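Single-letter residue listing:
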Protein chains: 2
Amino acid sequence: MNISQVSKKYGLSVDTLRYYEKEGLIPPVHRNESGLRDYTEQDCGWVEFIKCMRAAGLSIDTLREYITLYFKGNRTLQKRKNLLIAERDKLQARLKEMQGTLERLDYKIRVYEEKIVQCEKELLKKRKSK
Amino acid sequence: MNISQVSKKYGLSVDTLRYYEKEGLIPPVHRNESGLRDYTEQDCGWVEFIKCMRAAGLSIDTLREYITLYFKGNRTLQKRKNLLIAERDKLQARLKEMQGTLERLDYKIRVYEEKIVQCEKELLKKRKSK
DNA sequence: GCTTGACTTGGAGTAAACTCCAGATATTAC
DNA sequence: GTAATATCTGGAGTTTACTCCAAGTCAAGC
C-alpha cells in the first residue's frame, strides 16, 4: 500500500504520515526496491493506533515515548502499562468534564428555544397592537 | 475582584484573561477609577463560560463569533442557537470517539497485565531450570 | 515620600502539530 | 521515450493559543 492510499484510508495527509514517521510515532515504514514507502498491514495498524490516540488528545511526545519503550522490548512492559494507565486516567477526566459541557450546551440550546418562542410572541403582540 | 484573584479562582493565567478579553471572547471587563480591571460577578460568569467551552475544545474563533452575535442582541438568537447546536454536535461526536478510545486503552491495559504475568512466569521457569 | 510589588498596554516570542516547498528521483499514461 | 504525476528528503513556514517582555502607571507598607 503506497502512502496516498494510506492517506485516503485513514484521512491523514501524506505530510502527516511522513511527519509521524519522522517523529518516531510509528516505526519506520517498509520500503519497496526503489525506496518508496510500501505500508504493510502492520504499518497500517500503527497508523490507525496513532490516529486514534491523537484524536483522543494524547500528545506527540507521549506517543513517541510509548513506541520508544515498545522497541526496547519486554523489559519495558510495566513502564508502558503505567504510561497507558496515566493517559487513560487523563482521558477519563477530560471525558467527564466534556460530558458536563455537553449537558450545559444542551441546556443552553433549550433556553434559546424558549427565548426564540418568547421573542416571536412579543413581535406578534406588537403587530396586533398597531 | 482584581485580575489575579480571578486568575486564581478559575486557574487561568492573568495573561490568558487579558488575551481572552483582547480577542473579544469575553466582553470588556469593568474598570475601577484608575483603569485597573475590576471583575464583576457577570464578568466572572463570562470567564467561567469561556474556560468551560475552551476545555471542551471549542475554538477561540467560534467563541469570538458567539459573543459577537450576543452583542448584536435578540435578532441573532437563531444564529446563536444554530452555532451552539453545531458545536454541541461536534462535541458529541468527539465524545463518542474518545469514549471508544477510553475502552480501547482499558482493554490494552488488561492485555498488558496478562503479558506481565506471563513474562514473570517465564522468568521463574528459567530460574528453576538452571 | 519612597520602595516594592501589582497592574497596564502593545507587541514580540514560543510550543505543538502540522503543512508547505524545492529539488531530486520514480512511476504511469500515452 | 517523454510528459505528467507521485514520491522522496531536509528544512522552512503556518496556525492556534497562548506566554513573555518592556516601559509605564498604580497601590500598599513603612
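Not measured: the values here are computed from a predicted model.

Scoring rules and cut-offs
- Residues numbered from 1 in each chain as written.
- Chains lettered and ligands numbered in written order.
- Predicted model: local features only at pLDDT ≥ 70, side-chain atom pairs only at ≥ 80, totals over all residues.
- Heavy atoms only, no water.
- Disulfide = S-S within 2.5 Å.
- Buried < 20%, exposed > 50% of the residue type's maximum accessible area, 1.4 Å probe, protein only.
- Phe/Tyr/Trp six-rings, centres within 6.5 Å; stacked < 30°, edge-to-face > 60°.
- Helix = DSSP H or I, 4+ residues; strand = E, 2+ residues; numbered from the N terminus.
- Contact = heavy atoms within 4.5 Å.
- Arc of directions from axis to C-beta.

Draft legend 1. Looking closely at the state of the cysteines. Residues and elements named next belong to chain B. Following the criterion strictly, the structure yields zero disulfides over all chains and no others. Left unpaired, Cys 44 is separated from the closest cysteine sulfur, that of Cys 52, by 15 Å. Judged by relative accessible area, Cys 44 falls into the buried class, the value being 2%.

Draft legend 2. Highlighting the packing of aromatic side chains. Tallied over the entire structure, the rule returns ten aromatic pairs over all chains. Between Phe49(A) and Tyr66(A), the aromatic rings sit 5.9 Å apart at their centres with planes inclined by 45°, giving tilted as the arrangement. Highlighted residues: Phe49(A) in helix α3 (residues 41–55) and Tyr66(A) in helix α4 (residues 60–70), separated in sequence by 17 residues. Owing to a relative accessible area of 6%, Phe49(A) belongs among the buried residues under this scheme. With a relative accessible area of 3%, Tyr66(A) lands in the buried category. Taken together, a centroid distance of 6.1 Å and an interplanar angle of 80° make the contact between Trp46(B) and Phe49(B) edge-to-face. Taken together, the positions of Trp46(B) and Phe49(B), both in helix α3 (residues 41–55) and three residues apart, correspond to about one turn of that helix. The residues Trp46(B) and Phe49(B) share a single accessibility class, namely buried. Connected via pairs of aromatic rings, a cluster forms that spans Trp46(A), Phe49(A), Tyr66(A), Tyr70(A) and Phe71(A).

Draft legend 3. Representation of α4(A). Turning to α4(A), its buried residues are Ile60(A), Thr62(A), Leu63(A), Tyr66(A), Ile67(A) and Leu69(A). Buried residues along α4(A) sit against α2 (14–22), α3 and α5 (77–129) of chain A together with α5 (77–129) of chain B.

Draft legend 4. Representation of helix α1 (residues 3–10) of chain A within the structure. Residue and element names in this part refer to chain A. Among the residues of α1, those classed as buried are Ile 3, Val 6, Ser 7 and Tyr 10. Projection of α1 onto a plane perpendicular to its axis shows the buried side chains occupying an angular sector of 105°, all on one side. In this structure, the buried residues of α1 make contact with α2 and α3.

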